[in-house]
Amino acid sequence: MKRISLVAILLVLFPLVTFSRISIRIFARSKPSSLIVSMVNGDCMLFDGTAGEVRLSQGETVAVTRYGDRVIYSTMSGIRGVSDSLAFTPAASGTLFTVRAPGSSEPEKSLSGTLTVTSFPGSLRILNITTVEECLPGVVRAEAGRYGPSDYYRAQAVVARTYIYRNIDRHSLDGYNMCDDVHCQVYPGVVTDSVIVNACRSTSGLVLADRDSIMIEAAFHGNCGGETASSADVWLAGYPYLVSVTDPWCSYSPSSTWKKSIARSEWNSFLRSKGIAPGTEGAIYSANAPAAGRITYRTVQGKTLWSEEIRLRFGLRSAYFTLSDAGDSILFNGRGYGHGVGLCQDGAKHMAEKKMSYNRIIGFYYPGTIITDVKNARRPVRP
Ligand SMILES: [Zn+2]
Ligand SMILES: [Zn+2]
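Counting from 1, residues in each chain are numbered in the order their sequence is written. Here every chain gets a letter starting at A, and every ligand a number starting at 1, in the order they are written. It should be noted that, the model being predicted, local features are given only for residues of pLDDT at least 70 and side-chain atom pairs only at 80 or more, the latter also being counted only at that level, while totals for whole chains, interfaces and linings use all residues. Values shown for side chains rest on all heavy atoms present in the structure; no hydrogens or waters enter the calculation.

**Student:** What exactly am I supposed to notice about the sheet that holds strand β1 (residues 21-26) here?
**Tutor:** Within a sheet, adjacent strands bond to each other through the backbone by hydrogen bonds, running parallel or antiparallel. Two strands make a pair as long as DSSP finds a minimum of two bridges between them. Under the DSSP-based scheme used, a helix requires at least four consecutive residues in state H or I and a strand at least two consecutive residues in state E, with every element numbered from the N terminus. Read from one edge of the open sheet, seven strands run β4-β3-β8-β11-β12-β1-β13, paired in mixed fashion. The two strands at the open ends of the sheet, each matched to only one other strand, are β4 (53-56) and β13 (178-179). Both strand β3 (residues 44-47) and β4 contribute to a ladder of four bridges, which runs antiparallel. If you follow Cys44 over to β4, its bridge partner there is Leu56. The contact definition used throughout considers only heavy atoms, calling two residues in contact when any of these lie within 4.5 Å. Here an angle of 0 to 180 degrees is reported between the N-to-C directions of two axes, which are lines fitted to C-alpha atoms, with helices fitted over the stretch in contact. Against the sheet, helix α2 (residues 132-144) engages β1, β12 (123-131) and β13, with an angle of about 110 degrees to β12.

**Student:** It is not clear to me how the state of the cysteines should be interpreted in this structure. Could you clarify?
**Tutor:** Joining two cysteines, a disulfide is a covalent bond between their sulfur atoms. Note on terminology: pairs of cysteine sulfur atoms within 2.5 Å are recorded as disulfides. Applying the stated criterion across every chain yields a total of zero disulfides. There is no disulfide at Cys200, and the cysteine sulfur nearest it, in Cys135, is 9.2 Å away. Look at Cys200 and you get buried, because its relative accessible area is 2%. Residue burial is assigned from relative accessible area. The probe radius is 1.4 Å, only protein chains are included, and a residue is buried under 20% of its type maximum, exposed over 50%, and partly exposed in between.

**Student:** Sorry, what's going on with the nonpolar core here?
**Tutor:** One recurring pattern in soluble globular proteins is that nonpolar side chains are buried together. Membership of the largest hydrophobic core comes to 81 residues, with the highest contact counts inside it found for Leu35, Val64, Phe88, Leu115 and Tyr366. Note: domain ranges come from an automatic or database domain assignment. The residue makeup of this core includes at least three contributed by each of domain 1 (2-132) and domain 2 (219-365). Look past the residues within four positions of Leu115 in its chain and what remains in contact with it is Leu35, Val37, Leu86, Ala87, Phe88, Phe97, Val99, Ile126, Leu127 and Asn128. Nonpolar core, defined: a set of buried Ala, Val, Leu, Ile, Met, Phe, Trp, Tyr and Cys residues in which side-chain atoms within 4.5 Å join the residues together. One finds Ile262, Trp267, Phe270 and Leu305 within the second-largest nonpolar core, a separate group that totals 17 residues.

**Student:** Can you walk me through the pattern of salt bridges in this structure?
**Tutor:** Pairing of side chains with opposite charge becomes possible as their charged atoms draw close. Put simply, a salt bridge is a Lys or Arg side-chain nitrogen that is within 4 Å of an Asp or Glu carboxyl oxygen. Evaluated as defined, the whole model comprises 16 salt bridges. The closest approach of N and O atoms between Glu133 and Arg161, which form a salt bridge, is 2.8 Å. Separated by 28 residues along the polypeptide, Glu133 in helix α2 and Arg161 in helix α3 (residues 150-166) bring together distant segments of the chain. Classification of Glu133 by relative accessible area gives partly exposed; the value is 27%. When salt bridges with common partners are traced through the structure, they connect Arg29, Glu106 and Asp181 into a single cluster.

No statement about biological role is implied by the geometric values presented.
The structure is reproduced here in C-alpha cells:
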C-alpha cells in the first residue's frame, strides 16, 4: 500500500505523459539488483515511504539493494532502512548526484531531477524524473559524438528532441517514458560539454514536423555513402520527407567506403536458402551489372535478394554495395555506414563546418519539413 501511495504522489507531481517532464528508466540494459547513489552537488531529500524524509548532504553516499519485493538502503553516515520504494528529490535546484550499478559494465551516470527506486521481479527499477531539455545534451552527445561544430549539434538536438517527443509513450505500459538504452536513445546522464549544452539551449523546444504539423520520424545514421536511402526501400514505410537525396557532403569521411569479402561457401548456402542454385546468379555481379546508386534488391530466377537482408546476414556496414565474384570468395564494395535513412551525420557535420545553419542541414536531409515549437506539433495517432 505504501508503494502505491508513493507512486501516486509522484504521478501527481509528474504526470506520465506531459510536455517537457519525462521519466527515464536508468540502467535498463543491465537491470541491476543494487545501486550506489552519491550526492555530488547540493543536498537531496530521501523519502523512503516508511520512515519519512531523511536529508542527504553533499558528499553522502547511499547503497541500495533489492530485498525481495522491497529495497534496503544504508547511508555512509549510518542511516539504514527497508522500504517498498525510495525517492531521492533535490533539496534545491542544481543538485547533482551520481548513480552506479556495482558489478555492471554500464558506466556511472550523473543525474539531476528526482530518482525513484523500487523492487521489481529480478532487479531494481530505477527511474529518473527530469525534463526533456535537461536530458537532451546527454542524448545528443551519445548519439552524435564529441567535438563537432555548433550547427551540427543544433541539428542533432532538434532531431533527438523530435524523437523523444514522438516516442514519449513508447514505455507507457511499463510506467515510464523512455529507457536509457539503444532501444530508445542512449542516455549517459547529464553532460557539461559546452558546445552541446549551448546547441540544445539555443534550439530549446524546437522539433521537426511535417506539413500536417505531425512530428516526423526523425531517422539518422552515420554515413550515407553519397546517397541517402528512402525509408520505403529500407523499412517498407514511406514518408515524403524520408526520400533518397544525393549527398555531396560525406565523402571526406573514412566511413564513406568499405570492403568486405566472405567465403564462397557461405554465399552459396545463402543462395540455396533463397531457392537459388549457386552458379546461376552471375548477372548480379558488378562486372555484369554496373551499379548506379543504391540497389534495393536484385533478382535471380524470379527470386528477390534484398540488399538489407544481405547486409544483416553478413554483418555489412551498409546495404549500399556492389558484389564481385572472386573465385573462392565474394567481394563486397560498399559505401556508407548504417541504414542510410534521414540525416547523414558525417554529411551534417561537414555542412556545419562549411558554416551552413542547422535549418539548412535539416532542410537538406528532411525535405519539406518545418522546424516548430513542440507546442505547435502533434504526435502521430498510432493504430
Ligand atoms: Zn526503450
Ligand atoms: Zn551522406
